[in-house]
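Architecture at a glance
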Amino acid sequence: QVEPSAFASGAMVNSMLKEMEELFAARFERGDKKKAITHLRVGATQKSHHFSTFRTGMWLGSSIP
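Summary of the structure given here. (Residues numbered from 1 in each chain as written. Predicted model: local features only at pLDDT ≥ 70, side-chain atom pairs only at ≥ 80, totals over all residues. Heavy atoms only, no water.)

Helix length check: helix α1 (residues 10–28) (19 residues) gives 26 Å between terminal C-alpha atoms against 27 Å at 1.5 Å per residue, within 8%. All of the buried residues along α1 are Glu21, Phe24 and Ala25. Buried residues in α1, looked at end-on, bunch into an arc of 100°, giving them a common side. Every exposed residue of α1 that faces more than 90 degrees away from the buried side is listed here: Ala11, Ala26 and Arg27. Packed against the buried residues of α1 are α2 (33–40). Looking one or two places after α1, you find Arg30, whose phi comes out positive at around 55°. (Helix = DSSP H or I, 4+ residues; strand = E, 2+ residues; numbered from the N terminus. Expected span 1.5 Å × (residues − 1). Buried < 20%, exposed > 50% of the residue type's maximum accessible area, 1.4 Å probe, protein only. Arc of directions from axis to C-beta. Contact = heavy atoms within 4.5 Å.)

As structure tokens, this is what we get:
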């Protein structure tokens with residue numbers, strides 16, 4: 001069981017996120033908060049390993065007599 005902590009509370013994390021966005025906007029995007037948010041909140045790209053799994057399976061399947 002995981003203990004609830006103050007760090008993991010939604011309010012504290014949201015305030016830290018907002019502060020980080022404001023700092024990033026001020027330092028790196030010349031105060032443009034919209035541009036800073038688009039740089040910080042880039043969606044995670046997920047790679048698909050279907051082809052490499054298929055290729056490995058074919059090689060293993062063909063190597064076993």
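So, about the side chain of Glu21. Its place among the elements puts Glu21 in helix α1. Once residues lying within four places of it in the same chain are set aside, the contact partners of Glu21 are Lys33, Ala36, Ile37, Leu40 and Arg41.

Let us now look at the packing of α1 against α2. Axis angle and axis distance: for two packed helices, these are the angle between their axes and the distance between the axes, and together they describe the pair. Between α1 and α2, whose axes approach to 9 Å, the crossing angle comes to 115°. On the basis of the axis angle, α1 is roughly perpendicular to α2. Handedness of the crossing formed by α1 with α2: right-handed. Together, Lys18, Met20, Glu21, Glu22, Phe24 and Ala25 of α1 and Lys33, Ala36, Ile37, His39 and Leu40 of α2 make up the contact between the two elements. For the contact of α1 with α2, the per-class residue count stands at six nonpolar, one polar and four charged. (Axes fitted to C-alpha atoms, helices over the stretch in contact; angles between N-to-C directions. Parallel < 35°, antiparallel > 145°, perpendicular 65-115°, else oblique. Left-handed = near helix turned anticlockwise from the far one by under 90°. Nonpolar A, V, L, I, M, F, W, Y, C, P; charged D, E, K, R; others polar.)

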